[in-house]
Amino acid sequence: MLVNSSTVVGRETELALLAEGLADARQGRGRAVLLLGEAGIGKSRLAGEIAYRAFGAGLTVLRGRAGTAGGATMPYRPIAEALLSLFRVGGPPQEPALAPYRSALAGLLPQWREAGAPAEAASVIETAEAVLRLLDVTARKAGSVGCLLVLEDLHDADAETLAVVDYLCDHLAGLPLLLLATLRPEAGPAGQLARRAVARRAAVSAELGPLTAEEVSALATAALAASTGQPPVRGSLPPEVAERLVQDAGGNPFVVEELLSGMITNGALSRGPGGGWLVRGELSADVPRTVVHSVTERAARLGPAGRSLLETAAVFGHRFSLPVLRHVAGLGDRDLLAYLRAGIEAQLVSPSGPVADWYEFRHALTAEALLAGLLPSERAEIAARAADAIEETHPGLPGEWGPQVAALRLAAGDRSAAARRYAEAGRTALGERALDSAVRFLERAQDLLDGPGQAAERTAVVERLVRVLVESGQLDRALALAETLPETGPGAPPTERLAALHAQLAWAAVMAARHLDAAAQVHHVRGLLNRLDTAALTPAVEVVEAHLALAEQEVSGTERVGRAERLARRAAEAAERLGDAETACQAWQLLAVLARRHGFDHADACLEHGLALATEHGLTNWQIGTMVRLGVNDFMRSGSSASLERAHRATLDHGALGLMHGAEATLAMQAVLRGEFTAARELTDRCLAATARLGNADDHRYVLLTRAALAAHRGRRRELDQELSEFRRSGGEQSLHQALVFGNRAVCSLLEEDHDQALAELDEAIGWENRHPSVFYLNGRYGLRPLLLALTGRGTPAEHRAAAADPAAGLRWNRQFERLAHAVHEGRAGRPAEAAAAVAEAREAARPFPMAHRLGLRLVADAALADGWGEPVDWLREAEEYFHRSGVPAVASACRGLLRRAGAPVGQRRGGTALIPAGLRRQGVTAREYEVFLLLGARPGNQEIAERLFISARTVEKHVASLLAKTGRPHRAALCDYAAETDFPAV
């Protein structure tokens, strides 16, 4: 008789921890719990109990198990099994929020791929993000109050699964999810993951120890009761049996049950006439030999053929395929199913998850016990037959079959065949973007190819491994490994192939801004090309050299840009002649950036050419990336985001997450410029965490700058400083995005009516751009700065004409300010009609930009009043109304002051109270006092505040005195500190 109990005994602390996790998940407080313990200690039993409780509490339960197949592991297998268990019948979820992630999810589960859809594979990070989003949607769907994801046996998991688990641990907070993972506490990648996650407080862990003597007795009592269908009765377990179990099982629940089964099978323990249990023989045992004996005894009862079948299955590992086992065993369907059913009844095997025709041993110790009964030669012979069977029944070795055959060939003693299969598995994993698995398989092949005459095979594996390391971002390892490749002698690759490899390393290095490494690789490639009669690789080298030319600090910006353009154009033309479409696309995108200085029509021509190439050659990512760039250019000319929105939809359809976030970050910046502040906030909120999670450093910095721009365009200095602080912490000062910092500060200064500071910021931007080749054209150089120079009298008409002649001055954002600058010069020269016409042109250009439009009107009205031209009163009324409603009191007050100076009637503005923080309202601060309070954080004098608000210094003094009294601050310095620390309200 076999005994087995699902009762959880002695795990009250762990159950309480998991119950707390379920409760937190229901409240939207996600967490990860890592359950550690040796084989048989009860991890699966505990996971099953908590899954049962979760299901009863209304949570969606997903469950998957990592398992080796002949020592090999399949990328994402436990995660795919967990998801498939939920969606196998209904198919993939169709929620609109998952649209960007369908491609990544289809790569995880090919069953979800739409007919005719490209089999594009996502990166591990993209897959992890897709899984996180899917779990979140699943947890929040109707009828569910949360989600429990159980992943068992992580010690057998592949590198990609571990990467996803690590990612989930870091990002569960705030989501209605509980992740429960089980693993053995041994050293290895899974153990390292657990230690790191706990150390950074991304997960909590619990290690299951042995059961106490009392708990062993309780478990044995429950197991014996379950075998008879009766409730457990305290004291029904004979004391000598309890003593022997405590002595021999080591507190391991699985061993307890195996020992009990052995005692019953051997007749040492049996039921008496009254139904109680009696000892009738010798209870001695030898563990773990007892477990082995128990398993082999049960297998033997299936007969020689049945036992042989299970031993053959054990060679495959913990999990095995029924069709392949049938082929190896040579049994008919009837006999095979009969033996399998008997094995299930003997509690040796069970179905494996939701996948048909797959089975697994009840416990890892079961397979190990069966293998222990085989001689090494028998195992090798079975492994060879199993590998032959898989190769015959699964041509091409799709999915996990490749690494399984490799492991079986190695078990059979055929190192060369194993190496070839591992190399093929690495190539397959690379195609599926399972880069960590690809590295692992290729490294295994490299280690096995150590015999004489295998140098050429080993070199081919090392070459592919270098390329995979590059794609996985492990540039240092790739560079070091590439140096081990021989250039001459046995095993040396053809020179052209070696040069192509180093050219790829050069491109990866220059894209990572590692210019010294890129230059070294270019030098290496040039040396190799000198030994060849072909120029096929020259374009790829020249594209890198073009990027390097832009980074040369010892020459002027003009020289750098000119040399980069010559190299890129030569590379583009040569690459097209040679049919190298990807290099041509690289070159045309760089040319498009450089061509902007000649005009955006030139830039678009480069992009359109690159788009045609990418489309013709099926380079989807280059195609979509080029569409995004065209959308950016269209906005800069027209102020419309329609083209970029179409490109953004293409990123969603394709599941290109990196391009999607880049497009969304750019759409957010465009929304800021158009004054659509709510939309900009929503986009940046969505992108900020995602770009940080995905490690998109460049996009993440751009999102931070967009949030800074959002604060600046609303006149919120404190928020601006906070966002710029985050930008600096992200390493932004070393990026080309640094150029945007000065422009954001200048806009904020203008909204604070600090025109001198704004011009100083724009001067600093000019200095930065003179030291770095600029790719930004809306940063003030061609529009806002010329206007401020005209207003202050620092700029001459001739200087203005020179700036206006640049193609960038015609961009719509710049043109609104440039035309106003022209109006100021014309009005000052006594040509009012020409000045008015220029203002009309500016207003037409400014239509997409409501905030900038009114700011421009306020700025130019000052000059129009002084020089007697235009309609400054109308402009000021329009601007005052806009800035009053927008909660920018400094500009609104300045407009009212100018209106009074012009002799125009000014209505009282008693509104604005809603803009005052609640604490200040309770202290009785008025709207006018709040305008003064907003400026005090920068510690200006009364005269400076008066000039910026267009009131008298005496009035400022009275407001400051009132603020001191109402806020209870002892002196002006304390009041200024209070103003600097106060959070301004959102509008």
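Everything here concerns the structure above.
Because the structure is a prediction, the values reported are computed rather than measured.

**With respect to the overall build of the protein chain**
- Assigned secondary structure in the protein chain consists of 47 helices and ten strands.
- Taken across its 987 residues, the protein chain has 54% of its residues classed as buried.
- A separation threshold of at least 6 residues defines the contact pool for the protein chain, and within that pool the share at least 24 residues apart is 67%.
- Summed over all atoms, the accessible surface of the protein chain reaches about 40,400 Å², with 51% contributed by carbon and sulfur.
- Computing the positive centroid from 108 side-chain charges and the negative centroid from 119, the protein chain places the two 5 Å apart.

**Details of the sheet that holds strand β4 (residues 177-183)**
- The strand order across the open sheet built from five strands is β2-β3-β4-β1-β5, with neighbouring strands paired in parallel fashion. Sheet topology places β2 (60-65) and β5 (204-207) at the edges, where each strand pairs with a single neighbour. Averaged over all pairs of adjacent strands, the angle between their axes in this sheet comes to 15°, without regard to strand direction.
- Helix α2 (residues 43-56) rests against β1 (31-36), β2, β3 (147-152) and β4 of the sheet, and its axis sits at about 160° to β2.
- Most of the contacts of helix α7 (residues 189-199) go to β4, to which it runs at about 140°, and overall it touches β1, β4 and β5.

**Here's the deal with unusual backbone geometry**
- One non-glycine residue, R201, lies in positive phi territory at about 65°.
- Locating R201 in the fold gives a position in the loop between α7 and β5.
- Judged by relative accessible area, which is 78%, R201 ranks as exposed.
- Positive phi outside glycine occurs at L397, with the angle close to 50°.
- Checked against the element boundaries, L397 lands in the loop between α16 (376-393) and α17 (401-411).

**Focus on the sheet that holds strand β9 (residues 349-351)**
- The strand order across the open sheet built from three strands is β8-β10-β9, with neighbouring strands paired in antiparallel fashion. Taken across any chain shown, the strands that pair with only one partner, and hence form the sheet edges, are β8 (319-321) and β9. Across the sheet, the axes of successive neighbouring strands diverge by a mean angle of 30°, strand direction being ignored.
- Relative to strand β10 (residues 358-361), β8 runs antiparallel, the two being bridged by three bridges.

**Describing the environment of W622**
- With respect to the secondary-structure elements, W622 resides in helix α28 (residues 620-638).
- In sequence terms W622 and G919 are 297 residues apart; their C-alpha atoms lie 53 Å from each other.
- Filtering out sequence-adjacent residues up to four positions away, W622 remains in contact with E582, C585, Q586, Q589 and A614.

**Some thoughts on the packing of aromatic side chains**
- Enumeration according to the criterion identifies 13 aromatic pairs in this entry.
- When the ring of Y777 is compared with that of Y782, the centres are 6.4 Å apart and the planes differ by 20°; the resulting orientation is stacked.
- On the basis of relative accessible area, Y777 is assigned to the buried category, the value being 8%.
- Grouped by ring-pair contacts, the aromatic residues F635, W813, F817 and F849 constitute a single cluster.
- We note R271 situated over the ring of W277; from NZ or CZ to the ring centre the distance is 6.0 Å.
- The lysine or arginine in question, R969, covers the ring of Y978, its NZ or CZ lying 3.8 Å from the ring centre.

**Here we look at the nonpolar core**
- Among the nonpolar cores identified, the biggest contains 84 residues, and L751, W869, W875 and F883 are the most heavily contacted of them.
- Counting residues in each nonpolar core, the second largest holds 53 residues, with L98, A122, L132 and M660 among its members.

**Concerning the environment of H825**
- Relative to the helices and strands, H825 is located in helix α38 (residues 812-828).
- With relative accessibility at 9%, the residue H825 sits in the buried group.

**Observations regarding the pairing of β1**
- In terms of residue burial, β1 counts as a mostly covered element, since six of its six residues are buried.
- Side-chain alternation along β1 places R31, V33 and L35 on one buried face and A32, L34 and L36 on a second face that is also buried.
- Where β1 lies against β4, six bridges are found, and the strand directions are parallel. Directly across from R31, in β4, lies its bridge partner L178.
- Strand direction decides the pairing type here: β1 and β5, joined by four bridges, are parallel.

**Description of the packing of helix α9 (residues 239-249) against helix α10 (residues 253-265)**
- Taken N-terminus to C-terminus, the directions of α9 and α10 make an angle of 130°; their axes are 10 Å apart at the nearest point. Between α9 and α10, the interaxial angle falls into the category oblique. As for how α9 packs across α10, the hand of that crossing is right-handed. Contacts from V241, R244, L245, D248 and A249 in α9 reach V255, V256, L259, L260 and M263 in α10.
- A breakdown of the residues in the contact of α9 with α10 according to their chemical character gives eight nonpolar, no polar and two charged.

**Concerning the packing of helix α13 (residues 322-329) against α16**
- Between α13 and α16, whose axes approach to 9 Å, the crossing angle comes to 120°. Comparing the axis directions of α13 and α16 gives the class oblique. For the crossing formed where α13 meets α16, the hand is right-handed. Residue-level inspection shows V324, H327 and V328 of α13 in contact with α16, the latter providing R385, A386, A389, I390, E392 and T393.
- Per-class residue counts for the contact of α13 with α16 are five nonpolar, two polar and two charged.

**Some remarks on the pattern of salt bridges**
- The full count for this structure, using the stated rule, is 59 salt bridges.
- Note that R65 is salt-bridged to E360, the shortest N-O span being 3.5 Å. Taken as a pair, R65 in strand β2 and E360 in strand β10 lie far apart in primary sequence, 295 residues in all. For the pair formed by R65 and E360, the shared burial category is buried.
- Note that R785 is salt-bridged to D763, the shortest N-O span being 2.8 Å. With R785 in helix α36 (residues 784-792) and D763 in helix α35 (residues 755-771), this residue pair connects regions lying 22 residues apart in the sequence.
- Residue classification places R785 among the buried residues on the basis of a relative accessible area of 18%.
- For D763, a relative accessible area of 24% corresponds to the partly exposed category.
- Three or more residues are tied together by salt bridges with common partners; here these are R63, R65, E152, D153 and E360.

**Here we look at the pairing of β4**
- Counting buried residues in β4 gives seven out of seven residues, a clear majority hidden from the surface.
- Going residue by residue along β4, you find L177, L179, A181 and L183 tucked away on one face and L178, L180 and T182 tucked away on the opposite face as well.
- The pairing of β3 with β4 spans five bridges and is parallel. Its bridge partner lying in β4, L148 is registered against L178.
- Handedness of the β-α-β unit built from β3, helix α6 (residues 159-171) and β4 comes out right-handed.

**Quick look at α16**
- Under the 1.5 Å per step criterion, the end-to-end length of α16 is 26 Å for 18 residues, consistent within 8% with the ideal 26 Å.
- Looking at the buried residues of α16, the elements they touch are α12 (303-316), α13 and α17.

**As for helix α8 (residues 213-228)**
- With 16 residues, α8 extends 23 Å from end C-alpha to end C-alpha; this agrees with the ideal 22 Å at 1.5 Å per step.
- For α8, the complete set of buried residues consists of E215, V216, L219, A220, T221, A222, A223, L224 and A225.
- In this structure, the buried side of α8 is in contact with α2, α9, α10, β6 (269-271) and β7 (277-279).

**Structural notes on the state of the cysteines**
- Scanning the entire structure with this criterion turns up zero disulfides.
- Unpaired in terms of disulfides, C147 finds its nearest cysteine sulfur in C169, a separation of 14 Å.
- By relative accessible area, which is 0% here, C147 ends up buried.
- Since its relative accessible area comes to 5%, C169 is described here as buried.

The rules behind the values
- Residues numbered from 1 in each chain as written.
- Predicted model: local features only at pLDDT ≥ 70, side-chain atom pairs only at ≥ 80, totals over all residues.
- Heavy atoms only, no water.
- Helix = DSSP H or I, 4+ residues; strand = E, 2+ residues; numbered from the N terminus.
- Buried < 20%, exposed > 50% of the residue type's maximum accessible area, 1.4 Å probe, protein only.
- Contact = heavy atoms within 4.5 Å.
- Areas by Shrake-Rupley, 256 points an atom, 1.4 Å probe, with all protein chains shown as cover.
- Lys, Arg positive; Asp, Glu negative; His and termini not counted.
- Charge placed at Lys NZ, Arg CZ, Asp CG, Glu CD.
- Pairing = 2+ DSSP bridges.
- Axes fitted to C-alpha atoms, helices over the stretch in contact; angles between N-to-C directions.
- Phe/Tyr/Trp six-rings, centres within 6.5 Å; stacked < 30°, edge-to-face > 60°.
- Lys NZ or Arg CZ within 6 Å of the ring centre and 35° of its normal.
- Core = buried A, V, L, I, M, F, W, Y, C linked by side-chain atoms within 4.5 Å.
- Parallel < 35°, antiparallel > 145°, perpendicular 65-115°, else oblique.
- Left-handed = near helix turned anticlockwise from the far one by under 90°.
- Nonpolar A, V, L, I, M, F, W, Y, C, P; charged D, E, K, R; others polar.
- Salt bridge = Lys/Arg side-chain N within 4 Å of Asp/Glu carboxyl O.
- Right-handed = clockwise from strand over helix to strand, strands pointing away.
- Expected span 1.5 Å × (residues − 1).
- Disulfide = S-S within 2.5 Å.

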